[in-house]
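Chain by chain, the residues run as shown.
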Amino acid sequence: GHIMVNLSVDIDKDLANRPYYWTFVERTGVSPETVNMSFIFDSEKTPDGIRGEEIHFGSERLKQIFYSAKKRGKIVRLYQTAPSYRKNITNQKPVTILHPWLGVNYKVAFISDKKKDRILSLGINLGTGEMKENFYSLLVKTELSPVLPANIATIPCFLTLREAILQLDEWILHDIHQEDLSWADEAKERLHHEILRLHAYYDQPSELEEETEEENNNIEIEHEKEKKIDEIKWQYSPRVEVDPINYGIFYLEQPVQKMSNI
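I will try to describe carefully the structure that is included in this document. Treat the numbers as computed from the prediction; the structure is a model and nothing was measured.

## Considering the nonpolar core
The nonpolar side chains of soluble globular proteins are, as a tendency, buried together.
Part 1: In terms of nonpolar packing, the biggest core is built from 23 residues, with Leu102, Tyr106, Ile124, Leu126, Leu168 and Ile172 touching the most fellow members.
Part 2: At six residues, the largest contribution of residues to this core is made by strand β6 (residues 94-111).
Part 3: Not counting residues within four places of it along the chain, the set of residues in contact with Ile124 comprises Pro100, Trp101, Leu102, Gly129, Glu130, Met131, Leu159, Ala164, Gln167 and Leu168.

This is how it looks when you write it as structure tokens:
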């Protein structure tokens, strides 16, 4: 129902609206004091006596939080913190090997005059090239930390980030081609009918204007018609847009939890 937090320095700068204070801190070098905030998400679940700012969809504060999360949490590097330890035969110290994965959440938008969005979460092992879908569902079940745990070794990357991204791109293209693309044909049909309607509207003969005036007017009408056609093409033409939402390098123990292979 509610949360009480002490903001970090970066988040304080995003949410607390104290530019003069942070200018003073940076000029003088004094230790910063960040703001404590209380957010109430459900007043019925919040105990009496708790005072805070109510957060709901559409509120300016929630927009600030989303913006801050997107700006500062778009790229991460995390390590599995509770792997199953094995004994090193040489010195009997516990040792665990973690493998690097690139995980990316994509938004795939199928766009015409209508729109449908899909979220794809893909992962690729940078050491072996193994690829997995629904990668986020694995991450939420795994204890992760930005700090490398003790007695942990990591496998070096065999794939570069560019090579890994290209492989993910190829999988997405293949996945898109497996979609039912009848929506694109239907959008093209609607586009054709809208263009015919425009031509019928603008090509009506005018009988009330003088010849010279009519010629000038026809040029203006033709320009206006072409502009309208361009707008309709932009609105109705089917297209697919793929945008990465967020991504990170995740060091995980092998084998990862069983998931659908790509």
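## As for helix α6 (residues 182-202)
Part 1: Under the 1.5 Å per step criterion, the end-to-end length of α6 is 31 Å for 21 residues, consistent within 8% with the ideal 30 Å.
Part 2: Buried within α6 are the following residues: Trp183, Ala184, Ala187, Leu191, Glu194, Ile195, Leu198 and Tyr202. Seen end-on, α6 carries its buried residues on one side only, within an arc spanning 110 degrees. Exposed residues on α6 whose side chains face more than 90 degrees from its buried face are Asp185, Arg197 and Ala200.

## A look at the sheet that holds strand β3 (residues 53-54)
Part 1: One open sheet holds the three strands; their spatial order is β1-β2-β3, and the pairing between them is mixed. Whereas interior strands pair on both sides, the edge strands pair on one side only; in this sheet they are β1 (2-6) and β3.
Part 2: One ladder, built from five bridges, connects β1 with strand β2 (residues 36-40); its direction is antiparallel. What sits directly across from His2, in β2, is Ile40.

## Brief notes about the pattern of salt bridges
Part 1: What the rule picks out here adds up to 15 salt bridges.
Part 2: Taking the shortest distance from any N to any O, the salt bridge between Arg18 and Asp12 comes out at 3.0 Å.
Part 3: What makes Arg18 partly exposed here is its relative accessible area of 22%.
Part 4: For Asp12, a relative accessible area of 0% puts it in the buried group.
Part 5: One salt bridge connects Lys13 with Glu26, and the closest N-O pair in it is separated by 3.2 Å. Highlighted residues: Lys13 in helix α1 (residues 9-15) and Glu26 in helix α2 (residues 19-28), separated in sequence by 13 residues.
Part 6: For Lys13, a relative accessible area of 38% corresponds to the partly exposed category.
Part 7: Note on Glu26: relative accessible area 56%, which makes it exposed.
Part 8: One salt-bridge network, held together by shared partners, links Asp10, Asp14, Lys71 and Arg72.

## A look at the side chain of Lys225
Part 1: Within the secondary structure, Lys225 sits in helix α7 (residues 211-236).
Part 2: Excluding residues within four positions of it along the chain, Lys225 makes contact with His199, Tyr202 and Asp203.

## Thoughts on unusual backbone geometry
Part 1: The backbone of Asn17 shows a phi angle near 55 degrees, a positive value even though the residue is not glycine.
Part 2: Classification of Asn17 as exposed rests on a relative accessible area of 65%.
Part 3: Even without glycine at this site, Asn134 takes up a positive phi of about 50 degrees.
Part 4: Summarising the element assignment, Asn134 is placed in the loop between β8 (131-133) and α4 (135-139).
Part 5: The partly exposed category is assigned to Asn134, whose relative accessible area is 45%.

## Focus: the environment of Pro146
Part 1: Checked against the element boundaries, Pro146 lands in the loop between β9 (144-145) and β10 (152-154).
Part 2: Expressed as a C-alpha distance, the spacing of Pro146 and Arg77, which sit 69 residues apart in the sequence, is 6.2 Å.
Part 3: Excluding anything up to four places from it in sequence, Pro146 contacts Arg77, Leu78 and Tyr79.

The rules behind the values
- Residues numbered from 1 in each chain as written.
- Predicted model: local features only at pLDDT ≥ 70, side-chain atom pairs only at ≥ 80, totals over all residues.
- Heavy atoms only, no water.
- Core = buried A, V, L, I, M, F, W, Y, C linked by side-chain atoms within 4.5 Å.
- Buried < 20%, exposed > 50% of the residue type's maximum accessible area, 1.4 Å probe, protein only.
- Helix = DSSP H or I, 4+ residues; strand = E, 2+ residues; numbered from the N terminus.
- Contact = heavy atoms within 4.5 Å.
- Expected span 1.5 Å × (residues − 1).
- Arc of directions from axis to C-beta.
- Pairing = 2+ DSSP bridges.
- Salt bridge = Lys/Arg side-chain N within 4 Å of Asp/Glu carboxyl O.

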